[in-house]
Structure formats: C-alpha cells, structure tokens
Number of protein chains: 6
Amino acid sequence: MSARGPIEYRDAAPDVRAVFDDIKRTRQVDDVNNFWKYLARDPRTLERTWHSVKEIMAPGALDALTKEMVYLAVSATNGCAYCIASHGAAARKAGMSEAMFGELMAVVGMANKTNRLANGYRVPIDPAFET
Amino acid sequence: MSARGPIEYRDAAPDVRAVFDDIKRTRQVDDVNNFWKYLARDPRTLERTWHSVKEIMAPGALDALTKEMVYLAVSATNGCAYCIASHGAAARKAGMSEAMFGELMAVVGMANKTNRLANGYRVPIDPAFET
Amino acid sequence: MSARGPIEYRDAAPDVRAVFDDIKRTRQVDDVNNFWKYLARDPRTLERTWHSVKEIMAPGALDALTKEMVYLAVSATNGCAYCIASHGAAARKAGMSEAMFGELMAVVGMANKTNRLANGYRVPIDPAFET
Amino acid sequence: MSARGPIEYRDAAPDVRAVFDDIKRTRQVDDVNNFWKYLARDPRTLERTWHSVKEIMAPGALDALTKEMVYLAVSATNGCAYCIASHGAAARKAGMSEAMFGELMAVVGMANKTNRLANGYRVPIDPAFET
Amino acid sequence: MSARGPIEYRDAAPDVRAVFDDIKRTRQVDDVNNFWKYLARDPRTLERTWHSVKEIMAPGALDALTKEMVYLAVSATNGCAYCIASHGAAARKAGMSEAMFGELMAVVGMANKTNRLANGYRVPIDPAFET
Amino acid sequence: MSARGPIEYRDAAPDVRAVFDDIKRTRQVDDVNNFWKYLARDPRTLERTWHSVKEIMAPGALDALTKEMVYLAVSATNGCAYCIASHGAAARKAGMSEAMFGELMAVVGMANKTNRLANGYRVPIDPAFET
C-alpha cells in the first residue's frame, strides 16, 4: 500500500472504518468510492468532510436531486473531472433524466458566459437588486 | 451618453428597442436591468444573448426556480458580484425561501471544497462511474 | 503613508524610482498607475514584474493591440476588476474600437460557455487534435 | 450506442444531421469533432451553440485567427483540456505560428499572474481608467 | 433588521449566540466579523463552518501563521475581496511581516502563471512524479 | 521530434542548454522535468520563467518548504494536474510530511468553501480590516 494511494477497508484503522461503515450504511452501497479512500489518509479530514456532506446533502428545503445537480453544476464550472463523474452518477441515481442533464448544462454554460460579459462590460449592480 | 456606459431605451436604435421590448414583455417588468443596457452597445451580442437566455431559462425538464438557483450557484462559484445580485433577486422572485438559499449556499461551499480535495489528493475516477 | 498603501514617487527609494522612470519613459506617461505603486512595497517583485511585462507586451510575432486584447480576455475570465479597467483602457489606447471590444467579449463569453459544456459532457479529445 | 456517449451521424435524428451538415459545410471538414457529437444528446443545445459559434467566430472587426487565439487564451486560463486541444488545432489551422503561440502563452501567463497580484495587493482602480 | 443582512448578537437566537460566544472566546475579540453575522442567517451552516474552521486553523503539523498565509494565497487566487481582506488581517495578526507578504504574493503570482503555461503547452506529467 | 513536443537537451540550442544547465545545477538533478522541456519551444519564455522561479522560490522571509506548499495550494485551487504532481513532489522533497499535506489540503478546501460563502452571502468588508 503506497502512502499516497487509497486506504482500503481491510487496511483501515478503527476510526476510518467507522466512517466507511457510516457511508456504506447511509448510501446503501457495498464499498465507498475512491474519494473517501484517499481522504482516509487524513482521518480528521475524512470524518469532518463526511459528516458535513451527510448533513448538507440530506433532503431539506431542497430535495436530494436538486442538491446533486447543483453539485454537478459547480463541479463542471470548476472543471473537476473526478467530481463531474461522481456527482453526475449520483445525480442520475437520484433521478436526473437525460433531458434534465441537458437543461442543467445549458444553464451552466449560459451562466459562465454571462458572468464574463458582466465582468467585461463592467456592469454596475442595479439599485433594485439591493432592496 | 458615454460610449462605454449603458444604452437607455430612449437612445436605443430600433433593433435594440425590439429586444428591450421583448425582455419587458417576457418578464413583465417596466425597464430592463443594467446588464441588457450595457450589452446593447453590441446589438448582435444583446440579441443573441437574450434569445438564448429566454429559451434556456424557460421551464422545461427543470422548473424556473431550479434554473435560477443553479445560475446563482455558478455565479457564487465564479465570484461575479453583478450576477450574484441579479440572479439572487431572480431566484427569490421565483420562490427561493431563506431556508432554500441557506441550503443552496451550503452545497455550493461544500462542492467548492471537495473539488479541491479531489484535485489535491489526485483521486482517480472509479470505474463504476464510467458505466 | 500607510505601510500597506501605494508608494508615491516622492517617497520611493532609488531602486523603485528607477523602475518608475523606466515605466514612464517606455509608456510616455506622467505617472505610473496604482498597480505599480502598490507593487513598489516589494521592490524585487516590482522590478521583476515590470521587466517581464515590458518584454512580453512589446510588439513581436503578435502586435501590441492583440496582446492587450488577450490580456483583457484573461482578466474578464478571471473577474479581476482592476485588470479589466486597466487593460481595457490600454487596449483602447492601442486601437481597440467599440466593434472590436464587442466581438472580443462575444468570444470570451462563448469560450467560457463551451469550456464548461466540454467539462460537463466529459468530451474526450479527438485523435485528430493530437497529430 | 450509449445514452451518454457521442451521437454519430448515422444514428442522428434529422435536426441533428442538419446541424452536422452545416458544420461540415462551413468548416469544410469530413466529420464533426467530438464536442458536437456529445452536444447532440441535447439537440436544442447543439443547435443554439453551433449557431452562436458560427456567428461569433466569423471574421468581422476581429479576424478569425485573433478570435481563435483569444479562445485558446481563455481555455488555457480555465484549464479546459479539450478546448485547449481543439482551439489550439483551430488556431494553427488559421495561421498561428509557433512564435505566435509562444507569445500568446507568455501574455496568458503574465495576465494570470498580475490578476492575482492586483487582487492580493488590493489595488484600487485609478480614476484615469474611468473616463 | 433586513432578512438578508447580518444578524447582530442582540438579535440572535440562542444557538447563534453560542457560536458567536465561542468565536469571541477562541479569538479573544469583542465582536465577530461580518462573515459570521451573515452566515448566522443559516444557523446550521454557521455552526458547521465555525467548528470546521476552528479545528482546521488550530496549530498542528502546520503553525497558525502558515495556515493563514495559505488561506490568503487561495483567496487571492480566487479573487474573493472579503477573504483577502479578512485573512490578510489575520495573517498580519499571526505575524506575517511585509517581507513575508511580498514573497507570498510573488509565489501566488508565479504559481498562477505556470499553472496556465502547463495547461497551454499541454505538458504531460513526468513518470518520476508518480512514484 | 515533433515541433509541439518537448525539447530534449541533445536537441537544444545553446541558449536553451544554458538554462537547462542552470536548472540542473541549482536543483542538483540529472535532467530537467517536462515543464522546462516544453517551455523550451520558446527560449525567451523559458529563460524568463526560470529566472523568476529561481529567485522567487529561494529561501528568504519564507522558507523553501512554505513556498512549495503555497504553490501546491494554488495549483490545487486551479486544478492544474501537472503542477499538483510536480509541486507535490517538490514539497515532499523539501520536507512536507503526510500530516502537513493533510492539514494543507484541509485549509485549501476550507478557503475554497468560505470564499464562495462570502461571495454568495455578499458579505461587506469590515471597517476593522481596512486600518
């Protein structure tokens, strides 16, 4: 096992295993994905990140599908290949259809375009938006 | 009227006025906001951008509120102050409650965090995400 | 004079004055702009940055106007308000017309859009681009 | 054909084929590149994006080569691997020499550097840039 | 008190006050800064963010000053004006001298430059970095 | 040798060889890494970049390890895969332990998160940060 590679369950210390177990139980999966296995190299970051993700991504005022699509939108904006793959898969699992994906990407593309037009044209904020 | 400032309706050429009229009709507002007045310096960009925005932001497989929240998520990620203000206002108008805004920002913050953790730990994409 | 504010010519040490003089001579201006006055707090960064900028922005295989427009395109993409203002002014001084500005921003907007579409759709690089 | 993979011409619906035909005719190529084949999963996004790209990238106040170099500059800034490859190839086809590429990258690198220096030093915009 | 503005201590619910008290005690300050007052609109995000920040920014394998300088480096890269101001102040309080600030910014500028040169030149990762 | 690939020492012109020799001497390595071999296609950019890197990364008010960790933090924020690999290796060589790496990434993740929370909540800068 390379010191910089993933930590597999069989090699994990008890605190890491406890987090892996909670991820598997919460998501009803047989194994955690690579992101968690790499974070496991720093058990405190693993634990803190998982607890935040678990709380933030749970359904609340926004449903789980909307949250996954927002996650995907941010990841596509930042160009994070891993996160686009993992949250794309999570969004589809949560019910994102091909039509929804197409519209999501259309909004992401347009927002990235108009963000730069607003920058380049140096558009001042309308007073109406401040009230 | 400065050549680099906004184009007001009273100073606008017919092609610009036609776009302004369509924006006002579609959104049922009395005046267009600054973004469109600045884009009006380049009538082709104004027309192209408005027609795309009009089509993309209309309800479809995703409802208008979800689309506005995604737009806000991208704008917060990119740090576009104008777009955060304008699409924040639009999302509230479309029904975003304070609780929904709080959860939206929590997802945006978390996605921006884990995007960098995935980068820094150089996490390879799980084969399961490719199928 | 605040330790964190700009360094004016009258307060500058000889090494900073030498750089300020070279900027004024090269650009034929009466005073350097704020960027240089702030960098002057670290004379080595001031000197290194100016010498690189002077060499890079001089006409070569690309003319000065094209270089200023590329600088503006990058600054609009990154959302750097100072750089958008300063390089917008520099590009106009170098000959950028309103029509050229409009087309420049249209390309910048479109590139920022399709960059994210390529990310989100996970488009693999065509073999033809590698040869 | 995977639902998430590219749409080839032989499998495409008539509206998608019409766009593919126009791309091939306009660019005088035998096949469209992967970007368009992936966008074809959402025919409306394909059509809207192609029509905008076709109009924006046509020679106008700026020539086609300058536009391709600006596209490449934005793509390198955003780190979009696909777009760097595709617009690098397009820029070379439009006449970008190795010397031009070298100077372009030098400007892109410098702009990305000074954008952050301006941010970090919190440089206020010179009044002279506002007039 | 606007629903979208800051929550002051006197208007805060008990759970928000508890976090504010812990921030004031930990940092030995009389009042929390605006960031926390705005986050207080969503008490769960306030609590989660503060607990993570408190744990992450405490001295460990890296000292507090190094951590504040890294925070400032990221904020300058992203162009977050608020965070540049707040973490610049925090870094100075933790001992960052003007000379250290100058060198920090020089590294941030250079990294942002070479990140784009590596992108634009499409440099493949050396096998030696993988071992 | 492809015109767009790396320049190896044996194929390099004298000015490029001089830079390669200085890199090897300064870093006490047998060969330069790919970044320099690709930049060598533009000898002026190679020379300018190396001289700046050599000066900026030398120990000063900040030690070499801190500078490499800041470089890595910026590269992870920007998602530059090459730079994450090369500066990760350089930071480890300079003494970054696994615990230090874990804390560095935790700060980078948190900064990227709170940068967006500050954007999204539109937090105004505290007057106290301006003095």
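Cut-offs used in this document
Every chain is numbered on its own, with residues counted from 1 as its sequence reads. Chain letters and ligand numbers both follow the written order, the letters beginning at A and the numbers at 1. Restriction of local features to residues with pLDDT of at least 70 applies here, the model being predicted, together with a cutoff of 80 or more for giving and counting side-chain atom pairs; totals for whole chains, interfaces and linings are based on all residues. No hydrogens and no water enter the side-chain calculation; it runs on all heavy atoms of the structure. In this description a helix means any DSSP run of H or I spanning at least four residues, a strand means any run of E spanning at least two, and both kinds are numbered starting from the N terminus. Between buried and exposed lies partly exposed: a residue is buried under 20% and exposed over 50% of the maximum accessible area for its type, with that area taken using a 1.4 Å probe on protein chains only. The protein chains shown are the only cover counted for residues, whose accessible areas, like all others here, come from Shrake-Rupley with a 1.4 Å probe. Only four residue types enter the tally: Lys and Arg on the positive side, Asp and Glu on the negative side; His and the chain ends are excluded. Charge placement uses NZ in Lys and CZ in Arg. For Asp and Glu, CG and CD serve respectively. Note on scores: pLDDT gives the predictor's confidence for each residue, bounded by 0 and 100. Note on geometry: axes are C-alpha line fits, over the in-contact stretch for helices, and angles between N-to-C directions span 0 to 180 degrees. Left-handed describes a crossing whose near helix is turned anticlockwise from the far helix through less than a right angle; right-handed describes the clockwise counterpart. Contact definition: two residues touch when any of their heavy atoms are within 4.5 Å. Basically, the charged four are Asp, Glu, Lys and Arg, the nonpolar ten are Ala, Val, Leu, Ile, Met, Phe, Trp, Tyr, Cys and Pro, and anything else, Gly included, counts as polar. Lining residues are defined by having an atom within 4 Å of a point belonging to a cavity or pocket. Those points lie on a 1 Å grid over the protein atoms alone, cavities being sets where a 1.4 Å probe fits but cannot get out and pockets being open sets with protein on both sides within 12 Å along at least five of seven lines. Grid points are joined across faces, edges and corners, and a volume is the space filled by probe spheres set on the points. Two parts placed together each lose some accessible area; with a 1.4 Å probe, that loss summed over both constitutes the buried area. Between Lys or Arg on one side and Asp or Glu on the other, a salt bridge is scored when a side-chain nitrogen of the former is within 4 Å of a carboxyl oxygen of the latter. Two N or O atoms count as a polar contact when they lie within 3.5 Å, although within protein this holds only if one can serve as hydrogen donor and the other as acceptor, and sequence-adjacent residues are included solely when both atoms are side-chain atoms. In this analysis, the expected span of each helix is defined as 1.5 Å times one less than the number of residues it contains. By definition in this entry, angles of less than 35 degrees are roughly parallel, angles greater than 145 are roughly antiparallel, angles of 65 to 115 are roughly perpendicular, and the rest are oblique.

A. Focus on the overall build of chain A. The secondary structure content of chain A amounts to six helices and zero strands. Secondary structure elements of chain A, listed N to C terminal, follow the sequence α-α-α-α-α-α. With respect to the three principal axes, the spread of C-alpha positions in chain A is 55 × 30 × 30 Å. Buried residues in chain A amount to 60% of all 131 residues. Surface exposure of chain A reaches about 5,000 Å², of which carbon and sulfur atoms provide 53%. One way to put it: in chain A the 17 positive side-chain charges average out to a point 5 Å from where the 16 negative ones average out.

B. The confidence of the model for chain A, seen in detail. Put simply, chain A has an average pLDDT of 96, and 97% of its residues get 70 or more. Under the prediction, the complex receives an ipTM of 0.96, its pTM being 0.97.

C. Molecular detail of the packing of helix 3 (residues 43-57) of chain A against helix 6 (residues 98-120) of chain B. Between helix 3 of chain A and helix 6 of chain B, the least distance of the axes is 10 Å, while the angle of their chain directions is 145°. Note on packing geometry: the crossing formed by helix 3 of chain A with helix 6 of chain B is left-handed. Residue-level inspection shows Thr45(A), Thr49(A), Ser52(A), Val53(A), Ile56(A) and Met57(A) of helix 3 of chain A in contact with helix 6 of chain B, the latter providing Ala106(B), Val107(B), Met110(B), Lys113(B), Thr114(B) and Leu117(B). By residue class, the composition of the contact of helix 3 of chain A with helix 6 of chain B is seven nonpolar, four polar and one charged.

D. Geometry of empty space enclosed by the protein. Counted under the stated rule, the structure contains one cavity of 30 Å³ or more. In this structure, the largest cavity encloses a volume near 390 Å³. Taken together, 25 residues line the largest cavity, and the ones lying closest to its centre are Asn78(A), Arg116(B), Asn78(D), Arg116(E) and Asn78(F). For the lining of the largest cavity, the secondary-structure elements that each account for two or more residues are helix 4 (64-78) of chain A, helix 4 (64-78) and helix 6 of chain B, helix 4 (64-78) of chain C, helix 4 (64-78) of chain D, helix 4 (64-78) and helix 6 (98-120) of chain E together with helix 4 (64-78) of chain F. Ranked by residue count, the leading element in the lining of the largest cavity is helix 6 of chain E, at three residues.

E. Expanded view of the interface of chain E and chain C. Taken together, the contact pairs eight residues of chain E with ten residues of chain C. Three residues, Arg92(E), Glu98(E) and Arg122(E), lead the burial of chain E against chain C; their summed loss comes to 60% of the area buried on that side. For the pair chain E and chain C, the number of links is two salt bridges. Where Glu98(E) meets Arg41(C), a salt bridge forms, and the shortest distance between an N and an O atom there is 2.8 Å. At the junction of chain E and chain C, the tally comes to two residue pairs in polar contact (both at pLDDT 80 or more). When residues of the side of chain E that touches chain C are assigned to their parent elements, the largest contribution, six residues, is made by helix 6 of chain E. In the side of chain E that touches chain C, the residues fall into two nonpolar, one polar and five charged.

F. Region of the structure containing helix 1 (residues 14-27) of chain D. Residues and elements named next belong to chain D. With 14 residues, helix 1 extends 20 Å between its outermost C-alpha atoms, agreeing within 8% with the 20 Å of an ideal straight helix rising 1.5 Å per residue. Summarising the contacts, the buried residues of helix 1 are in contact with helix 2 (34-39) and helix 3 (43-57). Two residues or fewer past helix 1, Gln-28 is found with a positive phi of approximately 50°.

G. Local environment of the packing of helix 4 of chain E against helix 6 (residues 98-120) of chain F. Across the interface, helix 4 of chain E lies against helix 6 of chain F with an axial gap of 9 Å and an inter-helix angle of 45°. The angle between the axes of helix 4 of chain E and helix 6 of chain F places the two elements in the oblique class. Handedness of the helix 4 of chain E/helix 6 of chain F crossing: right-handed. Across the interface between the two elements, Lys67(E), Val70(E), Tyr71(E), Val74(E), Ser75(E) and Asn78(E) from helix 4 of chain E touch Glu103(F), Leu104(F), Val107(F), Val108(F), Met110(F), Ala111(F), Asn112(F), Thr114(F), Asn115(F) and Arg116(F) from helix 6 of chain F. Looking at side-chain class alone, the contact of helix 4 of chain E with helix 6 of chain F contains eight nonpolar, five polar and three charged residues.

H. Inspection of the interface of chain B and chain A at higher detail. With 57 residues of chain B in contact, the opposing surface of chain A contributes 57 residues. Together chain B and chain A conceal approximately 5,200 Å² of surface at their shared face, both sides included; 73% is due to carbon and sulfur atoms. Looking at the side of chain B facing chain A, the largest losses of area belong to Val107(B), Tyr121(B) and Phe129(B), adding up to 13% of the total buried there. One can count two salt bridges joining chain B with chain A. We note a salt bridge from Lys67(B) to Glu103(A), for which the minimum N-O separation is 2.9 Å. Counting across the chain B and chain A interface gives 20 residue pairs in polar contact (both at pLDDT 80 or more). Going through the elements one at a time, helix 2 (34-39), helix 3 (43-57), helix 4, helix 5 (81-93) and helix 6 of chain B are the ones with two or more residues in the side of chain B that touches chain A. Looking at the side of chain B that touches chain A element by element, the count peaks at 17 residues for helix 6 of chain B. A breakdown of the residues in the side of chain B that touches chain A according to their chemical character gives 34 nonpolar, 15 polar and eight charged.

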